[in-house]
Amino acid sequence: MQKNYEYDAVVVGSGPNGLACAIQLQRSGLSVLLIEGSEQIGGGMRSKEFFPGYLSDVCSAIHPMAAGSPFFSQLPLTDYGLEYINPPVLAAHPFDNGTSASLKSSLYETANGLGIDKGDYLDLMQPIVENWPKLAEDILGPFKIPKELIASLQFGLSAMKSAKWLSNRFKTEEAKALFAGMAAHSFLPLDQLSTAAVGLVLMANGHLKGWPLPKGGSQAIANALLSYFESLGGKVQMGWMVRSYGEIPPAKAVIFDTGPKQLIEIAGDHLPSIYKKKASEVSLRPRRI
Amino acid sequence: MLAQQSLFDADRVPKGKQVLWGYCHVPNGSTVDMTNAVEQQIERFAPGFRDTIIDRHIINTAQFEAYNPNYIGGDINGGVLDLAQLYSRPILSVSPYRTPANGIYICSASTPPGGGVHGMCGFHAANAVLKDIK
Ligand SMILES: Cc1cc2nc3c(=O)[nH]c(=O)nc-3n(C[C@H](O)[C@H](O)[C@H](O)COP(=O)(O)OP(=O)(O)OC[C@H]3O[C@@H](n4cnc5c(N)ncnc54)[C@H](O)[C@@H]3O)c2cc1C
């Protein structure tokens, strides 16, 4: 029994994941409606003039993950206005004596800046950088048995340790500080286990694709994704904050670019209580494991 | 964490001016005003910085949640990224993008591989949809 739907799929939320999902579905031949609650596209990629003439990124600003994304890299985003700017130094950590430790796009230049930790830095990062194309698929993928088991294990062994443990490999304050700064992006106390993974991914991406910023603000990424989606025939409706499932046009698939809390508020009547319980347990506070 | 994008992208500001962008971490839901602490830390490494400020715009965790309901308590990564969750959000299942309800999926940063602008959660969720409806 085949029902007739206006759209094959509806995506709720136009953050990077909502846009990616909408594009992948539309370019696979489905008809897609993208709904966004705000009047501005992009979720965490929005930019805004808080003061007239001064453009700021509201959320995300620096884009090693976008530039290194296996999916975004497949899309013709430069044709839709996206231009990355690559500053010569990716990140720097200052010290009170006026010196600093810096991450550069070159693995060797970065290592050379770390004095006696040069060798240790190369030992740690070189295998990750060299294996990255294989690793990225597993690390940035959904949960599954890693295809490249060996390479993943090598990454896993370093990455599953805490940033504190890993930074003890290093002897200089420069190397320790640089690594701690990267790992702090995981928003956890630095002695927790997976923090090192975040640091390693960010540094590896820096050595491979840099830490670029989009010309015209992070909004430029959102605008390019949207223009590409529309060029494929995708439809967008902005300024529509979905509150209940009944508002959403019937479709074969409805995909939420929201957290589990909102998913439950909107679609709770359709979800079994065991799922709701588990999903709402996604911890929002650091806990010990 | 600080970034000064206008140093490399002059079109973002009037000639001769700059915008400085930065954030610091606070406990989930905290609305303590960190402005002074942040500015002092910048002043520590760039003396004279405070005298150059024309204006400032501050967003706390509650305002972030109001701005984007995905940022619960100001959490910008859609749930804590610890080991138990890194590969199991929102629940441990072979496809975390599917829900038990036919035709309902989740693709946000609350699913693997988590926070950041990379679109990979959305890409994998789309592939789960394609498998189910083709
Ligand atoms: C201050 C800050 C700095 C950051 N810095 C960086 C950085 O430098 N680099 C980086 O890679 N990442 C950074 N991030 C993280 C990044 O922005 C997020 O991880 C990313 O945006 C998550 O994408 P998403 O698609 O899952 O959801 P979001 O980007 O949160 O998008 C969700 C969208 O859904 C919409 N929505 C929600 N509910 C509904 C509803 N019911 N109906 C309709 N629409 C709805 C929202 O309005 C929003 O537009 C930063 C985040 C913040 C807050």
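What you are looking at is a predicted structure, and each value in this text was computed from that prediction instead of being measured. (Residues numbered from 1 in each chain as written. Chains lettered and ligands numbered in written order. Predicted model: local features only at pLDDT ≥ 70, side-chain atom pairs only at ≥ 80, totals over all residues. Heavy atoms only, no water.)

### Looking at the overall build of chain B
Rules: In DSSP terms, a helix is any run of H or I states spanning at least four residues, a strand is any run of E spanning at least two, and both are numbered starting from the N terminus. Exposure classes here rest on a 1.4 Å probe applied to the protein chains alone. A residue is buried below 20% of its type maximum, exposed above 50%, and partly exposed in between. Any pair of residues with heavy atoms lying within 4.5 Å of one another is described as a contacting pair. We get accessible surface area from the Shrake-Rupley algorithm with a probe of 1.4 Å; when it comes to residues, only the shown protein chains can shield them.
The helix and strand inventory of chain B stands at four helices and three strands. Secondary structure elements in chain B, listed N-terminal to C-terminal, are β-β-α-α-α-β-α. Counting only residues that meet the buried cut, chain B has 49% of its 134 residues in that class. Taking all contacts inside chain B whose residues are at least 6 apart in sequence as the whole, residues at least 24 apart take part in 29%. For chain B, the exposed area adds up to about 6500 Å²; of that, 56% sits on carbon and sulfur atoms.

### What to know about the domain arrangement of chain B
Here is the rule: Here the bounds of each domain stem from an automatic or database domain assignment.
Partitioning chain B into structural domains gives domain 1 (2-74) and domain 2 (83-133). One C-alpha centre belongs to domain 1 of chain B, the other to domain 2 of chain B; they are set 32 Å apart.

### Some thoughts on the environment of A:Met203
Residues and elements named next belong to chain A. Among the structural elements, methionine 203 can be located in helix α9 (residues 195-209). Among the residues examined, methionine 203 registers a relative accessible area of 1% and is labelled buried. Taking C-alpha positions, methionine 203 is 8.5 Å from phenylalanine 179, a pair spaced 24 residues apart along the chain. Excluding its chain neighbours within four sequence positions, the residues that come into contact with methionine 203 are Leu103, Tyr121, Met125, Leu178, Phe179 and Met182.

### What about helix α4 (residues 118-130) of chain A?
All names here are of chain A. Inclusion rule: To estimate how far a helix should extend, the number of its residues minus one is multiplied by 1.5 Å. Bend angle per residue: angle between axes fitted to the 7 residues ending at that residue and the 7 residues starting there.
Helix length check: α4 (13 residues) gives 17 Å between terminal C-alpha atoms against 18 Å at 1.5 Å per residue, within 8%. The largest bend in α4 amounts to roughly 25° and is located at leucine 124, with the proline proline 127 lying one to four residues further along. Three or more residues of α4 are buried, namely Asp120, Tyr121, Leu122, Leu124, Met125, Ile128 and Val129.

### Thoughts on the packing of helix α1 (residues 16-27) of chain A against helix α10 (residues 219-231) of chain A
Residues and elements named next belong to chain A. Test applied: Each axis is a line fitted through C-alpha atoms, and for a helix only the stretch in contact is used; angles between axes span 0 to 180 degrees, taken between their N-to-C directions. Note on terminology: angles under 35 degrees are roughly parallel, angles over 145 are roughly antiparallel, angles of 65 to 115 are roughly perpendicular, and the others are oblique. Handedness of a crossing is defined here by the sense of rotation of the near helix relative to the far one, left-handed for an anticlockwise turn of less than a right angle and right-handed for a clockwise turn. Residues are sorted three ways: Asp, Glu, Lys and Arg are charged, Ala, Val, Leu, Ile, Met, Phe, Trp, Tyr, Cys and Pro are nonpolar, and all the rest, Gly among them, are polar.
Look at α1 against α10: their axes get within 10 Å of each other, and the N-to-C directions meet at 20°. Considering the angle they form, α1 stands roughly parallel to α10. In this structure, α1 crosses over α10, and the sense of that crossing is left-handed. Across from Leu19, Ala22, Ile23, Gln26 and Arg27 in α1, the residues of α10 making contact are Ala222, Leu225, Leu226, Tyr228 and Phe229. The class makeup of the residues in the contact of α1 with α10 is eight nonpolar, one polar and one charged.

### Quick look at the pattern of salt bridges
To be explicit about the condition: Counted as salt bridges are all cases of a side-chain nitrogen of Lys or Arg within 4 Å of a carboxyl oxygen of Asp or Glu.
Evaluated as defined, the whole model comprises eleven salt bridges over all chains. In this structure, A:Lys171 and A:Asp120 form a salt bridge, with 3.2 Å as the shortest nitrogen-oxygen distance. Here the residue A:Lys171 occupies a position in the loop between α7 (163-167) and α8 (173-183), and A:Asp120 occupies one in helix α4, the gap between them amounting to 51 residues. Taking the shortest distance from any N to any O, the salt bridge between A:Lys261 and B:Glu65 comes out at 4.0 Å. Of the two residues, A:Lys261 sits in helix α11 (residues 260-267) while B:Glu65 sits in helix α2 (residues 61-67), which places them in two different chains.

### Quick notes on the sheet that holds strand β3 (residues 104-106) of chain B
To keep things clear, this is the line we draw: Whether two strands pair depends on DSSP finding at least two bridges between them.
On the basis of which strands lie adjacent, the open sheet formed by five strands has the order β9(A)-β2(A)-β1(A)-β10(A)-β3(B) and parallel pairing. Each having just a single partner strand, β9 (235-238) of chain A together with β3 of chain B make up the two edges of the open sheet. Direction aside, the axes of adjacent strands within the sheet are offset by 20° on average. Direction of pairing for strand β10 (residues 251-256) of chain A relative to β3(B): parallel, over a ladder of three bridges. Residue pairing for β3(B): A:Ile255 is matched across the bridge by B:Tyr105. Sheet strands in contact with α1(A) are β1 (7-12), β2 (32-36) and β10 of chain A, and its direction is about 170° off that of β2(A).

### Some details on the pairing of β2(A)
All names here are of chain A. We count it as follows: With the strands pointing away from the viewer, any crossover whose connection runs clockwise from the first strand over the helix to the second is right-handed.
The buried fraction of β2 is high, at five of five residues. Judged by which residues are buried, β2 turns out to be covered on both faces: Val32, Leu34 and Glu36 on one side and Leu33 and Ile35 on the other are all buried. Following the backbone out of β1, through α1 and into the adjacent parallel β2, one traces a crossover that is right-handed. The sheet contact formed by β2 and β9 spans four bridges and is parallel.

### So, the nonpolar core
So the rule is basically this: In plain words, nonpolar cores are sets of buried Ala, Val, Leu, Ile, Met, Phe, Trp, Tyr and Cys residues tied together by side-chain atoms within 4.5 Å.
Membership of the largest hydrophobic core comes to 40 residues, with the highest contact counts inside it found for A:Leu25, A:Phe72, A:Leu225 and A:Ile255. Of all the secondary-structure elements, those providing two or more residues to this core are β1, α1, β2, α10 and β10 of chain A together with α4 (120-133) of chain B. The element best represented in this core is α10(A), accounting for eight residues. In this view, A:Leu225 contacts A:Leu19, A:Ile23, A:Met45, A:Phe72, A:Leu75 and A:Leu77; residues no more than four positions away in its chain are not counted. Counting 33 residues, the second largest nonpolar core, distinct from the first, contains A:Ala91, A:Leu124, A:Phe170 and A:Ala177.

### Considering the domain arrangement of chain A
Residues and elements named next belong to chain A. Note the cut-off: By convention, the term buried area covers the 1.4 Å-probe accessible surface removed from two parts as they join, with the contributions of both added.
You can read the domains of chain A as domain 1 (7-82 + 213-258) and domain 2 (87-209). Across the contact, seven residues belong to domain 1 and six residues belong to domain 2. When domain 1 packs against domain 2, the two sides together hide about 540 Å² of surface, and 75% of this comes from carbon and sulfur. At four residues, helix α2 (residues 64-68) tops the list of elements feeding residues into the side of domain 1 that touches domain 2.

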